[in-house]
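One-letter residues, chain by chain:
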Amino acid sequence: MFTSVRPIARRRALAAAGTAVVLTLTLAACDSSSDSSSMPGMEHSAKAPSVGASPSTGDMPGMDHMAAGNGLSDNKDGYRLTSKDTALTAGKQTPYRFTVTGPDGKPVTAFAVDQTKRMHFYAIRSDLTGFQHIHPTMAADGTWNADLSSLAPGSWRVFASFTPDSGAGKGTAFVLSRTVTVPGTGSKTPLPAAAKTAEVDGYTVTVNGEPMAGMAHPMTVTVTKDGKPVTGLEPYLDTYAHLTAFHEGDTAFAHLHPTTKVSGDHGGPELSFNAELPTSGNWRLFLQFQTGGTLHTAALTLNVG
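As the structure is a computational prediction, the values presented were derived from the model and not from experiment.

Peer 1: Looking at this model, I keep getting lost on the overall build of the chain. Mind explaining?
Peer 2: Secondary structure summary: the chain contains 1 helix and 18 strands in total. Here the chain holds 305 residues, and the buried ones make up 41% of them. In the structure as shown, the chain presents an accessible area of about 15,300 Å², 54% of it carried by carbon and sulfur atoms.

In structure tokens, the structure reads:
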């Protein structure tokens, strides 16, 4: 009887010790991750890190000032994008006037500088064509004026990306949007198939990386010309390239933040981004980069699983 009891007792002691070790490690891990305020960028986003996200993404340049959400609402946390413009003229440059109001209902006039600008404004048609990224001007009363280039007939969505520099939302990044109609007869353009490369103005842009929906993933973009690496990328909006994405079907917005810091007047050929696309499906990516004082915009379709 004693020869059978001793192994059982030994196994129970070892199991108890193992449980204590696991519990100790679990408590230590919980304690080390409980203070999210110590993570760079967390103070500018109401969105918690996605499950499965790389634990090192909090240290990536560009992770601060990330707006939570998909930008498909005209209001968030008391801030609202308002405009009397519900229809715009097709075929010619046309102004779009709008105001951002705060929780007190008054126009916001104090905005923080983000990537050298106080307001980034985007326009995209429902079929993800006609992309525009401009920087509007603001009047003293808080009214912004965005001069849009020629618009094709159809349904459009316009986005305002900003960070208040005062009030309840000070330091918080927002992306708000509204829809606008451009009257006339127009045909829908089919979305190009997913591809890793795109051509623009003699340059070839290649995207490497496999982003997964709702998870932060690193992604690189390489710029070449005539098969040779391009190392003459000029700083544009405090980076060497600006990358914006829109989701097929609902035009959800995502700004892919650069993690390659600007160092000198010439960059490239490889640039790094933090890709966090909230939903699966096809996304249309627009990469903007500058060479010789000329801004280039390359577009490609990325399928996200």
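Peer 1: Please explain the sheet that holds strand 9 (residues 174-182) as it appears in this structure.
Peer 2: Backbone hydrogen bonds hold the strands of a sheet together, and the pairing may be parallel or antiparallel. As summarised here, the arrangement of the 4 strands in space is 5-4-8-9, forming an open sheet in which the pairing is antiparallel. Edge positions in the sheet fall to strand 5 (132-134) and strand 9, since each of these pairs with one other strand and no more. On average, each strand axis in the sheet is tilted by 20 degrees relative to the strand beside it, whichever way the strands run. Both strand 8 (residues 154-162) and strand 9 contribute to a ladder of 9 bridges, which runs antiparallel. Each residue of the ladder has a partner; that of Val158, found in strand 9, is Arg178.

Peer 1: What is the right way to look at the packing of aromatic side chains in this model?
Peer 2: Within a pair of aromatic rings, the relevant descriptors are the distance that separates the centres and the angle that separates the planes. Evaluated as defined, the whole model comprises 17 aromatic pairs. Ring centres 5.7 Å apart and planes at 35 degrees place the aromatic pair Tyr96 and Phe121 in the tilted group. Placement of the pair is Tyr96 in strand 3 (residues 94-101) and Phe121 in strand 4 (residues 120-125), with a sequence separation of 25 residues. For Tyr96, a relative accessible area of 0% puts it in the buried group. Residue Phe121 is classed as buried on the basis of its relative accessible area, which comes to 0%. Between Phe111 and Phe162, the aromatic rings sit 5.8 Å apart at their centres with planes inclined by 85 degrees, giving edge-to-face as the arrangement. Here Phe162 lies in strand 8 and Phe111 lies in the loop between strand 3 and strand 4, a separation of 51 residues in the sequence. On the basis of relative accessible area, Phe111 is assigned to the buried category, the value being 3%. Taken together through their ring pairs, the aromatic side chains of Tyr79, Tyr96, Phe98, Phe111, Phe121, Trp144, Phe162 and Phe174 make up a single cluster.

Peer 1: Would you mind going over the pattern of salt bridges with me for this structure?
Peer 2: A side chain of one charge can pair with a side chain of the opposite charge when the charged atoms of the two come close. Overall, the coordinates contain 4 salt bridges when judged by the stated rule. For the salt bridge of Arg178 with Asp74, the shortest nitrogen-to-oxygen distance reads 3.5 Å. Of this pair, Arg178 sits in strand 9 while Asp74 sits in the loop between helix 1 (2-33) and strand 1 (75-76), and the two are 104 residues apart along the sequence.

Peer 1: Can you walk me through unusual backbone geometry in this structure?
Peer 2: Residues other than glycine predominantly adopt negative phi, and peptide bonds predominantly adopt the trans conformation. The amide bond that connects Gly268 to the next residue, Pro269, takes the cis arrangement and shows omega of 0 degrees. Checked against the element boundaries, Pro269 lands in the loop between strand 15 (253-258) and strand 16 (270-275). Of note in this structure, Leu128 is not a glycine but carries a positive phi near 65 degrees. Tracing the sequence through the fold places Leu128 in the loop between strand 4 and strand 5. Using a relative accessible area of 5% as the deciding quantity, one classes Leu128 as buried.

Peer 1: What exactly am I supposed to notice about empty space enclosed by the protein here?
Peer 2: Picture a little ball the size of a water molecule; that probe, rolled over the atoms, points out where space is still empty. Enumeration over the complete set of coordinates arrives at 2 cavities of 30 Å³ or more. A volume near 60 Å³ is recorded for the largest cavity. Together, Ala198, Val205, Val207, Val221, Leu243, Leu285, Phe286, Leu287, Ala298, Ala299 and Leu300 line the largest cavity. Elements that contribute at least two residues to the lining of the largest cavity include exactly strand 11 (203-208), strand 17 (281-291) and strand 18 (294-304).

Peer 1: Is there a simple way to explain the sheet that holds strand 2 (residues 79-82) in this structure?
Peer 2: On the basis of which strands lie adjacent, the open sheet formed by 5 strands has the order 1-2-3-7-6 and antiparallel pairing. Of all strands in the sheet, those bounded by a partner on one side alone are strand 1 and strand 6 (137-138). By the bridge criterion, 6 bridges tie strand 3 to strand 7 (residues 143-148) in an arrangement that is antiparallel. By the bridge assignment, Thr99 is partnered in strand 7 with Thr143.

Quick notes on the rules
Residues numbered from 1 in each chain as written. Predicted model: local features only at pLDDT ≥ 70, side-chain atom pairs only at ≥ 80, totals over all residues. Heavy atoms only, no water. Helix = DSSP H or I, 4+ residues; strand = E, 2+ residues; numbered from the N terminus. Buried < 20%, exposed > 50% of the residue type's maximum accessible area, 1.4 Å probe, protein only. Areas by Shrake-Rupley, 256 points an atom, 1.4 Å probe, with all protein chains shown as cover. Pairing = 2+ DSSP bridges. Axes fitted to C-alpha atoms, helices over the stretch in contact; angles between N-to-C directions. Phe/Tyr/Trp six-rings, centres within 6.5 Å; stacked < 30°, edge-to-face > 60°. Salt bridge = Lys/Arg side-chain N within 4 Å of Asp/Glu carboxyl O. 1 Å grid on protein atoms, 1.4 Å probe; cavity = no way out; pocket = protein on both sides within 12 Å on 5 of 7 lines; lining within 4 Å. Points joined across faces, edges and corners; volume = space filled by probe spheres on them.

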